[in-house]
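Per-entry structural report
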Amino acid sequence: MAKKLNLDGMDFGDTPRSYQYFPSSIRSLNRAMGSTKGVRGGTIMQLLAEPGHGKTTLALDYVAQAQKRGIKDVSLTIGKNTRMINALFVDLERTFDSEYAKTIGVDVSKLLVYRPDYAEQCLPQIEYFLNQGIQVVVFDSVPAIVTKDEFEKEVDDPARMAGAANLLSRWIVRLIGPVDNADALFIFINQYRANLSPMARSEKKPFGPRSLRYFSRIILDLVKIRNEEDKSHIQATISKNKQAAEGQKCDYLMLKGKGLAPAYDLMSLALEYDIIHKSGAWYEYQGQKAQGLDNCVLVFDLDAI
């Protein structure tokens, strides 16, 4: 008797597939990614920067924008409370700030914040939620990963080299399918460490195994290029991009304590496309005039652009 062919995971190459898209509130960043719609679903993305350069803020912005546009709700019961959730924040660093997330626009009532002790505890849980249909996951952060073996050791016990990196390397291969099946955006927050290799071309390299870079469809390198009293200027370089050209750059503003500043980005685009006209310190839009960029954001009806 002929064995029946298992057709799971098979489709014809000309079968159209629709994707969820995940935009940032910064339109210039979406454009630099290659699509004004944002990041395509099924993507593992890495946000890479030194501490304090806006990685978590940008990740939470992606969560907020996805929630506003509508993503799948999943029912979850914790104790006697049952809630509908639509995003997961894995808080290995134990630094999640609910009030700041709300300021950015995150619906924290639908955000599950998970604070595991070690990697083996949380990785199967993340897979479970992806398989249930959760479409946005933020993993904060790669440097904070610790294995169960390391977690249970005494402080003065000898460390096992590369234990967390090996575990993450094995797990990220398993992650590709669930992220794609859920049409999800999975964001790894990562940072640099010293590169001690005498043959190295750079003095720093990212935490984690090489497989993290290999299987990330998009990698954003963030740098705080200038600080002002109430705002920071961030430059994002798309060092890897499998949905468009690599190497694109985008500058945007981050307001201290308030998150990203999409109105300023919209002003910049309007100037670029000659929708708003600039003469010295004065700006003009549809007959209205304002002096200085901050005043323009307050005076002009940017939502109409």
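1. Concerning the overall build of the protein
Looking only at helices and strands, the protein has nine helices and 18 strands in total. Against the 2.2 N^0.38 benchmark of 19 Å for 305 residues, the protein shows a C-alpha radius of gyration of 21 Å, consistent with a compact globule. Buried residues in the protein amount to 44% of all 305 residues. Considering only residue pairs separated by 6 or more positions, the protein has 62% of its internal contacts joining residues 24 or more positions apart. As presented, the protein carries roughly 16,900 Å² of accessible surface, and 49% of it is formed by carbon and sulfur atoms. Positive and negative side-chain charges of the protein, numbering 39 and 37 respectively, have mean locations separated by a distance of 4 Å.

2. Section: the state of the cysteines
Inspection of every chain in the model, using the stated rule, returns zero disulfides. With no disulfide of its own, C250 has C296 as its nearest cysteine by sulfur position, at a separation of 20 Å. For C250, a relative accessible area of 5% corresponds to the buried category.

3. Overview of helix α8 (residues 262-272)
Residues of α8 that are buried include every one of Y264, D265, L266, M267, L269 and A270, and no others. Count one or two residues on from α8 and you reach D274, which has phi positive near 60 degrees.

4. Section: the pairing of strand β4 (residues 74-78)
Bridge count for β4 against strand β5 (residues 81-85) is five bridges, and the pairing is antiparallel. Within the sheet, the bridge partner assigned to S75 lies in β5 and is M84. The turn joining β4 and β5, which pair antiparallel and follow one another in sequence, is formed by two residues; a positive phi near 65 degrees is taken by G79.

5. Looking at the pairing of strand β3 (residues 43-48)
Burial within β3 is extensive, with six of its six residues counted as buried. Side chains T43, M45 and L47 of β3 all project onto a buried face; the interleaved residues I44, Q46 and L48 project onto the opposite face, where all are buried too. Two elements, β3 and strand β9 (residues 185-190), share six bridges in a ladder whose sense is parallel. When the bridges of β9 are listed, L48 appears paired with N190.

6. Some details on the side chain of R217
Residue placement: R217 occurs in the loop between α7 (210-215) and β12 (218-227). As a buried residue without a salt bridge, R217 has its nearest oppositely charged side chain in D180, at a separation of 7.4 Å. At 2.7 Å, the side chain of R217 and the side chain of T43 are in polar contact.

7. Looking at helix α4 (residues 119-132)
The end-to-end C-alpha separation of α4 is 20 Å, in line with the 20 Å expected for 14 residues at 1.5 Å each. All of the buried residues along α4 are A119, C122, L123, I126, E127, F129 and L130. Around the axis of α4, the buried residues are gathered within 165 degrees of arc, so they sit on the same side. One or two residues past the end of α4 sits G133, with phi positive at roughly 115 degrees.

8. Quick word on the sheet that holds strand β16 (residues 277-279)
Here three strands make up an open sheet; going across it, the order is β16-β17-β18 and the pairing antiparallel. This sheet does not close on itself; its edge strands, each paired only once, are β16 and β18 (288-291). Within this sheet the neighbouring strands show an average axis-to-axis angle of 25 degrees, counted without direction.

9. Some words on the packing of α4 against helix α6 (residues 163-181)
The contact between α4 and α6 brings their axes to 10 Å, and the two run at 10 degrees. Considering their axes alone, α4 and α6 lie roughly parallel with respect to each other. For the pair α4 and α6, contact is made by A119, E120, L123, I126, E127, L130 and N131 and by L167, W171, R174, L175, P178 and V179, respectively.

Rules of the game
Residues numbered from 1 in each chain as written. Predicted model: local features only at pLDDT ≥ 70, side-chain atom pairs only at ≥ 80, totals over all residues. Heavy atoms only, no water. Helix = DSSP H or I, 4+ residues; strand = E, 2+ residues; numbered from the N terminus. Rg over C-alpha atoms; globule rule 2.2 N^0.38 Å. Buried < 20%, exposed > 50% of the residue type's maximum accessible area, 1.4 Å probe, protein only. Contact = heavy atoms within 4.5 Å. Areas by Shrake-Rupley, 256 points an atom, 1.4 Å probe, with all protein chains shown as cover. Lys, Arg positive; Asp, Glu negative; His and termini not counted. Charge placed at Lys NZ, Arg CZ, Asp CG, Glu CD. Disulfide = S-S within 2.5 Å. Pairing = 2+ DSSP bridges. Salt bridge = Lys/Arg side-chain N within 4 Å of Asp/Glu carboxyl O. Polar contact = N/O pair within 3.5 Å; in protein donor to acceptor, adjacent residues only side chain to side chain. Expected span 1.5 Å × (residues − 1). Arc of directions from axis to C-beta. Axes fitted to C-alpha atoms, helices over the stretch in contact; angles between N-to-C directions. Parallel < 35°, antiparallel > 145°, perpendicular 65-115°, else oblique.

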